[in-house]
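Now for the letters of each chain:
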Amino acid sequence: MTTIKSIACHVRLRPPSEKDGKIDQEAIKIEGDKISALNKDGDKRYHFKLDKCHDTESSQQEVFDCVKPLVEQAYKGINTTIFAYGVTGAGKTHTMQGTKVEPGIIPRTVEAIFQQRSILRKSTLNVSFSYVEILKDEVYDLLGDRSMPKKRDIRMSGEGQNIVADLVRQHINSIDEFSEVYDAAAKTRKTASTKLNSSSSRSHAILTLHIEIIDNSDPMHSRIGKICLTDLAGSENNNLTGNDKERMRESSAINTSLTTLGKVVDALNLNAQKGHTESGGVFVPYRESKLTRLLQDALGGTSQGLLICCLAPGETFARDTINTLQFAKKSKAVENRLTVPEYSSRQASAPLPRLSKPINPDATFKVHSEPLPSGAIRSIPGRMALATISANARPIRSTNNRMTRAEGDKENALKGMTDEQLDQRIQKVVSQQIAREKELCQALLPVDEQSPVPFVLDKDKNTDLMSTEEKENRARVIVSHARKAHYAGDLQQALSLYRKALEYAPTNHRLATRITELELSLEGILPPQRPYSNPSIRESKSGIKRSHAHMGSLAEMSYEESPLKKEKLR
Ligand SMILES: Nc1ncnc2c1ncn2[C@@H]1O[C@H](COP(=O)(O)OP(=O)(O)OP(=O)(O)O)[C@@H](O)[C@H]1O
């Protein structure tokens, strides 16, 4: 079942502090779910209506009470993403993480899950979590090595979700177990002092709670609910913070990712206004930053989203307050398609690792990197047992993303191949797919091979109903037409076809780069881009000529450096 639901937007105004500049008690007014703010000059008032407005008196418990109903959707298998947004020092970390005395949304959510677990009769909850930070557009695993967090890649899962690869996931059995791991991991978040905030967190932090809900009447069936709790880094003005070069580099990365977040919300808004679905409307630039890739499900995806906008009072932040509220207003119009998954069969798998002994807070985290025998969970004496989803370790897969025995055999067979054998194998598979797609195409699309741009976009095609293979084939066909248009000099047509192809192959980095290059060409920023070579003849890495390019090759997008990259390397 699918329900359309807008992102919920809450706002929280923190109490004044001495860094806030002149305080005008009338500058920000809250009445019920309405909030208004005066501009810096005090001559214009902006009005907003949101889902919930918390004033300076609001307690952590009151804020959580408004969040709790959304969190509870996870027990039904509905994914929830809560993200705190606002200028640096506005109270995001206080709201999400809080302190020991005043715990925030994260510890309260975990506590609520364990309370719920203790009263459940019809189902059983297994709880685990992962924790990452995005620093200068790189993703780091906060549950990995504490002194040197591991950089991780983002990949597309079998269900078309952006996921962080090889991520450590920790099983927890109580709020105390959670606190031990979380407190230590939170310390690894890179923090730096600025004039504005002496403990300013300079990275986005995303904590994901995974809840497996097992039906007690049928323990072989379960569903997975995810709660993604995000503490965004604050945007900041370098004139105010007096940053050094490194700080400015961090600020620039933070501001860029937040700008992309704004662009994504703008594009989704535009599509919603025009009644377009994502595939038929304007291009949504999720891929421009790691942050928006990881938040994609909450922004126009299948997760329910809650944005908590944090505001700081005082003249210093007057402009930021209005900008933050504008962001809340436009985010509120973004619609997500929530899906309630069915119970699906559970894999009889080994349990996720548990904490073996109380953690020594000064000890560094250790991650299993050696191969683990199937089902074995090792613990390191005096430390925690952790698991990684890596090529070596036993993979932890969701019930919907399990590796079958046949897939496992296939993966093992591929591991033993040389590069040349792999290349031949890929060619064979690609040729087979192309042949199948060609047949499909001839049946569905009357393609005139002589015409440079004969392709007609089939707007009604629902990608949700297509298999990964079908999507790849479809993307390949569209790329072939895009290349023809490109070669013929019709950049606008080529761009729209490349964009169309990207909808079917959203992880193809080269394709995304090509789109950006073409966009920049059309804006006159880059010189006109040519396709990499004549689309009728392609040469592989191993020197084998391929003549299938008339059908387009997605693989080609990863074989050659783009002109933009070559330009940069020069
Ligand atoms: N609602 C609140 N009540 C009391 N104190 C608060 C509140 N919100 C924030 N503070 C205090 O304000 C200061 C800044 O808050 P916090 O660190 O949460 O800001 P932030 O938005 O996370 O900043 P950054 O983007 O730099 O991480 C902290 O000292 C925090 O304890």
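What you see is a predicted model, and the numbers here were worked out from it, not measured in a lab. (Residues numbered from 1 in each chain as written. Predicted model: local features only at pLDDT ≥ 70, side-chain atom pairs only at ≥ 80, totals over all residues. Heavy atoms only, no water.)

(A) View of the overall build of the chain. Secondary structure assignment for the chain yields 15 helices and 23 strands. At a minimum sequence separation of 6, the contacts of the chain that also span at least 24 residues come to 71%. Within the structure as shown, the chain displays about 27600 Å² of accessible surface, and the carbon and sulfur contribution to it stands at 49%. (Helix = DSSP H or I, 4+ residues; strand = E, 2+ residues; numbered from the N terminus. Contact = heavy atoms within 4.5 Å. Areas by Shrake-Rupley, 256 points an atom, 1.4 Å probe, with all protein chains shown as cover.)

(B) Structural context of a negative patch on the surface. Taken together, the side chains of Asp 55, Glu 57, Glu 62 and Asp 65 define an acidic patch exposed on the protein surface. With respect to the helices, strands and loops of the structure, Asp 55 is situated in the loop between β6 (52-54) and α1 (60-72). (Patch = residues over 30% accessible without salt bridge, like charges linked within 9 Å, V, L, I, M, F, W, Y side chains within 5 Å. Salt bridge = Lys/Arg side-chain N within 4 Å of Asp/Glu carboxyl O. Lys, Arg positive; Asp, Glu negative; His and termini not counted. Charge placed at Lys NZ, Arg CZ, Asp CG, Glu CD.)

(C) View of unusual backbone geometry. A positive phi is found at Asp 166, a non-glycine position, where the angle reads about 55°. The partly exposed category is assigned to Asp 166, whose relative accessible area is 28%. (Buried < 20%, exposed > 50% of the residue type's maximum accessible area, 1.4 Å probe, protein only.)

(D) Representation of the pattern of salt bridges. In total, this model carries eleven salt bridges according to the counting rule given. A salt bridge links Arg 14 to Asp 20; the nearest nitrogen and oxygen atoms lie 2.8 Å apart. The buried category is assigned to Asp 20, whose relative accessible area is 0%.

(E) Main features of the UniProt feature "repeat: TPR" (unreviewed entry) in the chain. With numbering aligned to this structure, UniProt lists the feature "repeat: TPR" (unreviewed entry) at residues 475-508. End-to-end, the C-alpha atoms of residues 475-508 are 10 Å apart, and along that stretch the chain is 79% helix and 0% strand. (UniProt positions renumbered as here; feature names shortened; annotations may be inferred.)

(F) Main features of the pairing of strand β4 (residues 34-38). For β4, the tally of buried residues reaches four of five residues, placing the bulk of the element in the interior. Both strand β3 (residues 28-31) and β4 contribute to a ladder of four bridges, which runs antiparallel. What sits directly across from Ile 30, in β4, is Ile 35. Following β3, the chain reverses through two residues before pairing antiparallel with β4; Gly 32 in that reversal takes a positive phi of roughly 60°. The turn linking β4 back onto strand β5 (residues 45-49) is made up of six residues, and Gly 42 within it adopts a positive phi angle of 75°. (Pairing = 2+ DSSP bridges.)

(G) A look at the packing of aromatic side chains. Counted according to the given criterion, the structure contains four aromatic pairs. Ring centres of Phe 178 and Tyr 182 lie 5.1 Å apart, and the angle between their planes is 15°; on these two criteria the pair is classed as stacked. In this pair, Phe 178 and Tyr 182 both sit in helix α4 (residues 175-188), four residues apart, roughly one turn of the helix. What makes Phe 178 buried here is its relative accessible area of 1%. By relative accessible area, Tyr 182 is classed as buried at 4%. Through pairs of rings, three or more aromatic residues link up here, namely Phe 129, Tyr 131, Phe 178 and Tyr 182. (Phe/Tyr/Trp six-rings, centres within 6.5 Å; stacked < 30°, edge-to-face > 60°.)

(H) Examining the pairing of strand β7 (residues 80-85) more closely. Most of β7 is tucked away: six of the six residues are buried. Neither face of β7 is left uncovered, since the one carrying Thr 80, Ile 82 and Ala 84 and the one carrying Thr 81, Phe 83 and Tyr 85 both have all their residues buried. Summarising the sheet, β7 and strand β17 (residues 221-231) pair through five bridges and their orientation is parallel. The residue of β17 that forms the bridge with Thr 81 is Cys 228. Bridge count between β7 and strand β18 (residues 304-311): six bridges; the pairing is parallel. Counted as the bridge partner of Thr 80 is Gln 304 from β18.

(I) Molecular detail of the side chain of Ser 480. On the secondary structure map, Ser 480 appears in helix α11 (residues 468-487). Engagement of the side chain of Ser 480 in a polar contact is seen with the backbone oxygen of Val 477, the distance being 2.8 Å. (Polar contact = N/O pair within 3.5 Å; in protein donor to acceptor, adjacent residues only side chain to side chain.)

(J) Looking closely at the nonpolar core. Ranked by internal contacts, the top residues of the largest apolar core, which has 44 residues, are Ile 35, Leu 299 and Leu 307. Secondary structure elements with two or more residues in this core: β2 (8-13), β4, β7, β8 (123-135), α6 (245-273), α7 (290-294), β18 and α8 (318-332). Among the elements that line this core, the one with the most residues is α6, at seven residues. When near neighbours in sequence (up to four residues on either side) are disregarded, Ile 35 contacts Val 11, Ile 28, Lys 29, Ile 30, Tyr 46, His 47, Phe 48, Leu 50, Cys 53, Leu 311 and Leu 325. Leu 209, Cys 310, Ala 312 and Phe 317 belong to the second-largest nonpolar core, a separate cluster that totals 43 residues. (Core = buried A, V, L, I, M, F, W, Y, C linked by side-chain atoms within 4.5 Å.)

(K) Up close: the sheet that holds β3. What the three strands build is an open sheet, ordered β3-β4-β5; its pairing is antiparallel. Only two strands of the sheet have a single partner each, and these edge strands are β3 and β5. Between one strand axis and the next, the sheet turns through 15° on average, direction left out of account. Sheet contacts for α8: β3, β4 and β5; angle to β5, the most-contacted strand, approximately 35°. (Axes fitted to C-alpha atoms, helices over the stretch in contact; angles between N-to-C directions.)

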